[in-house]
Structures are given as C-alpha cells and as structure tokens.
Amino acid sequence: MRIEIGKSANDDDLGDYGEFTLSIPDPLGCNDRGRLIREERRSHPSHASCAVEIDLRRSETVHPITSFSVDSQQSPCMAFVNRKHFRFAGLSMKTRRMVSGTGPNEFAAWKELETNPRWVDFDLQTARVAWQAEGEQASYLADVIAVDDAGQIYAWELKADRSYYDAPEYEAVMRHAKVGFESACVALERHTGFQLRGSDRYRLNVDRAFGDRFTQIDPVTKCRVEEMLRGGATLTLGDIEEVLDADPLVARAKTHALVCQRVISVSLSGVIDRETAVSSTVNPVTVPDIRLLRHENDN
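Residues numbered from 1 in each chain as written. Predicted model: local features only at pLDDT ≥ 70, side-chain atom pairs only at ≥ 80, totals over all residues. Heavy atoms only, no water.

A look at the nonpolar core
This is how it is decided: Residues belong to one nonpolar core when they are buried, are Ala, Val, Leu, Ile, Met, Phe, Trp, Tyr or Cys, and are joined through side-chain atoms within 4.5 Å. Relative accessibility under 20% of the residue-type maximum defines a buried residue, over 50% an exposed one, and the middle range a partly exposed one, all with a 1.4 Å probe and only protein chains included. Strands are runs of DSSP state E lasting at least two residues, helices are runs of H or I lasting at least four, and both sets are numbered from the N terminus onward. When checking whether two residues touch, look at their non-hydrogen atoms; a contact exists if any pair is within 4.5 Å.
With 22 residues, the main nonpolar core has Tyr-140, Ile-145 and Phe-181 as its most contacted residues. Secondary-structure elements contributing two or more residues to this core are strand E7 (127-133), strand E8 (136-141), strand E9 (144-148), strand E10 (153-159), helix H3 (168-183) and strand E11 (186-192). It is H3 that contributes the most residues to this core, five residues altogether. Discounting chain neighbours no more than four positions away, the residues touching Phe-181 are Val-70, Ala-127, Val-129, Tyr-140, Ala-142, Ala-155, Val-186 and Leu-188. Core analysis: the next-biggest nonpolar cluster, separate from the first, contains 19 residues, Leu-229, Ala-257, Val-263 and Val-278 among them.

Let's talk about the pattern of salt bridges
Two side chains that carry opposite charge are able to pair once their charged atoms sit near each other. Short version of the rule: Any carboxyl oxygen of Asp or Glu that lies within 4 Å of a side-chain nitrogen of Lys or Arg is treated as forming a salt bridge with it.
This model, assessed by the stated rule, comprises 12 salt bridges. Of the charged contacts, one joins Asp-148 and Arg-118 as a salt bridge, the two residues approaching to 3.5 Å between their closest N and O atoms. Highlighted residues: Asp-148 in strand E9 and Arg-118 in the loop between helix H2 (104-115) and strand E6 (119-124), separated in sequence by 30 residues. Among the salt bridges present, the one from Arg-291 reaches Asp-121, with a minimum N-O distance of 2.8 Å. Within this pair, whereas Arg-291 is found in the loop between strand E14 (277-280) and strand E15 (294-298), its partner Asp-121 is found in strand E6, the two being separated by 170 residues in sequence. The class of Asp-121 is buried, set by a relative accessible area of 13%. Connected through salt bridges with shared partners, the residues Asp-121, Asp-123 and Arg-291 form a single ionic network.

Comments concerning a nonpolar patch on the surface
Let me state the cut-off plainly: Patch membership requires over 30% relative accessible area and the absence of a salt bridge. Like charges are linked within 9 Å, and nonpolar side chains (Val, Leu, Ile, Met, Phe, Trp, Tyr) within 5 Å. Note on areas: Shrake-Rupley with a 1.4 Å probe; residue coverage comes only from the protein chains shown.
A cluster of nonpolar side chains, namely Leu-91, Met-98 and Phe-214, defines an oily patch on the protein surface of about 260 Å² accessible area. Position of Leu-91 among the secondary structure elements: in strand E4 (residues 87-92).

Here's the deal with the environment of Arg-87
Take Arg-87: it is sitting in strand E4. Since its relative accessible area comes to 31%, Arg-87 is described here as partly exposed. Along the backbone, Arg-87 and Gly-103 are 16 residues apart, and their C-alpha atoms lie at a distance of 6.1 Å.

A few points about the packing of aromatic side chains
Rule in force here: Ring pairs shown here join Phe, Tyr and Trp side chains whose ring centres sit within 6.5 Å, with only the six-membered ring taken for Trp; geometry is labelled stacked below 30 degrees between planes, edge-to-face above 60, and tilted in between. Both a distance and an angle decide whether a charge sits over a ring: NZ of Lys or CZ of Arg must be within 6 Å of the ring centre and within 35 degrees of the ring normal.
Scanning all chains against the criterion turns up nine aromatic pairs. Between Phe-107 and Trp-110, the aromatic rings sit 5.9 Å apart at their centres with planes inclined by 70 degrees, giving edge-to-face as the arrangement. Placement of both Phe-107 and Trp-110 in helix H2 is noted, with a separation of three residues, approximately one turn of the helix. Judged by relative accessible area, Phe-107 falls into the partly exposed class, the value being 22%. Here the aromatic rings of Tyr-140 and Phe-181 are separated by 6.4 Å at their centres, their planes lie at 85 degrees, and the arrangement is edge-to-face. Remark: Phe-181 occurs in helix H3 and Tyr-140 occurs in strand E8; sequence separation between them is 41 residues. Exposure class is identical for Tyr-140 and Phe-181. Each is buried. Aromatic rings pair up to connect Phe-88, Phe-107, Trp-110 and Phe-210 into one cluster. Here the guanidinium or amino end of Arg-118 rests over the ring plane of Tyr-154, the centre of that ring lying 5.2 Å away. Positioned above the aromatic ring of Phe-210, the side-chain terminus of Arg-213 is 4.0 Å from the ring centre.

Things to note about H2
Cut-off, in case you're wondering: One less than the residue count of a helix, multiplied by 1.5 Å, gives the span that helix is expected to have.
For H2, spanning 12 residues, the distance from its first C-alpha to its last is 17 Å, which sits close to the expected 16 Å at 1.5 Å a residue. Among the residues of H2, those classed as buried are Asn-105, Glu-106, Ala-108, Ala-109, Trp-110, Lys-111, Glu-112, Leu-113, Glu-114 and Thr-115.

With respect to the sheet that holds E6
The strands making up a sheet are joined through hydrogen bonds of the backbone, oriented either antiparallel or parallel. Note the following rule: Pairing between two strands requires that DSSP report at least two bridges joining them. Here an axis means a line fitted to C-alpha atoms, over the contact stretch when the element is a helix, while the angle between two N-to-C directions is reported on a 0 to 180 degree scale.
Strand order in the open sheet made by the four strands is E6-E9-E10-E11, with mixed pairing throughout. The two strands at the open ends of the sheet, each matched to only one other strand, are E6 and E11. Shown here is a sheet whose adjacent strand axes are inclined to one another by a mean of 25 degrees, direction ignored. Alignment of E9 against E10, held across four bridges, turns out to be antiparallel. Across the sheet, residue Val-147 finds its bridge partner in E10, namely Ile-153. Packing of H2 onto the sheet brings it into contact with E6, E9 and E10, and relative to E10 it is tilted by some 145 degrees. Against the sheet, H3 contacts E10 and E11, and its axis sits at roughly 145 degrees relative to E11.

Description of the packing of H2 against helix H5 (residues 200-211)
Put simply, the test is: The scheme is simple: roughly parallel for angles under 35 degrees, roughly antiparallel for over 145, roughly perpendicular for 65 to 115, oblique for anything else.
For the pair H2 and H5, the least separation of the axes is 9 Å and the interaxial angle reads 75 degrees. The orientation of H2 relative to H5 falls into the category roughly perpendicular. Facing Phe-107, Trp-110, Lys-111, Glu-112, Glu-114 and Thr-115 of H2, the residues of H5 in contact are Tyr-202, Val-206, Asp-207, Ala-209 and Phe-210.

A short note on the packing of helix H7 (residues 237-244) against helix H8 (residues 248-260)
The interhelical angle for the contact between H7 and H8, taken along N-to-C directions, is 105 degrees, at an axis separation of 9 Å. Compared by their axis directions, H7 and H8 come out roughly perpendicular. Here Leu-237, Glu-241 and Leu-244 of H7 lie close against H8, whose contacting residues are Ala-251, Arg-252, Lys-254, Thr-255 and Leu-258.

Honestly, it's all geometry; don't read function into it.
Next up, the structure:
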C-alpha cells in the first residue's frame, strides 16, 4: 500500500513530508515469536550410531571408502504417543500407510509431506545408506524418504538448527551419506524444523489441512471434482466448495481432505478464501517404490 503525504493547501504551517510506503503484514505474523525459539531446543544428537568403529573425521586418504549400499528398512510402527520423547504414529491419507517418528521436527515433516501436493509418496526412518572403509562399516538412516511429482527421490536429514550441521564429526557422516545416496540417484537434503514450519500463516493452513485429512467425502462428489479439474483447468475454491457441501465449514474440511489425498492442489502459503486458485495435481510417469530401495556400488 502506498500513501502520499504532502503539504496541505489550507495550512502553510504543515511541511512537505513527501511520500512513503506502508506495509501491512499478515496478522498472524505479528504474534509473539518467542515460543518458536523455545520449540527449537538445542540438543545435539549422538553420532555414535552413524560412525560405529570408524573415525570419519580422518581423511579419506587414511580410510578410503571402498563401497556403498542403499536399502530400505521396515518402518518403525509405534502406535502410541510418548510425551517425554514425543514419539508419534498415525495414518497417512496420502500414502494409506502408518507413519511413525520421533520428535517435533519429524512431526513437522510429516505434516509438510502430507499436505504439500508436490510430494507423491513418503515414509520416515526407512532409507539406510552404508559404506565400508578398510573392512569396517558405518551406516546412516535418513529421517525422511520421499518422491516428488517429477519422480525424483529425496532423503531428508532433520535438525532443529543449521548450526548442528557444522559439527566436524557430523559433517563427515553427511558427506559420506550424500555420496552413497547419490550413487542410488537419491538426493540428500538438510532441513530444520523452523524451516519446515514456515510462516505463522503457512503453519496454520498446514495444521488445519492435516487435522481434516480424515473428513469423509462421497466418492461420487470426489469424482465430480476430478472431472471439473480435468484437462488442466484452474478453478476457484468457491467453485469446488459449492460442489462439496452446502455448509461452508464442512466444505472447507472436505477441501483439506482432498488436498491430503492429492486430488486437488491449493497453495497454503497465504490466506485461503473462496477466490483461492485450485488445480489438479501433477503425477510422474512412474513412481519409484521407496520401500524397495536396493543398490550397491563398489569403488
């Protein structure tokens, strides 16, 4: 918004203040952000499980890597919530599978993967890369494995803050893990919980969509929505919700469920209203099975 302030025609005592630009932020962005800092409690992880019997801080000239292997492990299914360690488990409507993990950062990753139409399939704590050096072995288990709408596989490492990635021993683990995953055409990315949560507005929209993912939708109505968006058509959210339900609150809940099921694509970064654009999702030609990863590479 641009507002001009100038000299009044009827008051010679007022000076000419020229013009300035007034920016009005999203109301949610004005909240006290101190609580975000408290969420990001610094607790450096132990790297013992990643570097068993190998001093990865030493140069590769001392311990040259002789082979890499990438495989999938069975997802740990913990059907309880542990408040002390914040372990969680639940059903994903996108993958139609149980998802479980540990900590607020993995929980934030689940909500991001569940509600973002870019991600086609995902799982937590199932992708493992191992490597050998002079007969000794080490391994690393990624926090997230996911496939995007272009068919590319990504592995995520999650930490509360970027500073954790600067630790020398941790950097060595990530360097070898990156090479191992790339040998299997898997891109390794580093994320933080703060980054995944995004702005207050985005987090609110994600939480609402995630919470409504179990909303029941009549199959006939669902097919009608898919038909409306067929051929790459872009409609408004009001057009879709008029088909879903006469009650605006119920219609919005059904919209969130369709987002989680990858039936429709809606941007969650801004204010969502009846004029918000809605389109169909993009699907890759083939979807790699992230639960059947098998790859070995000998140097």
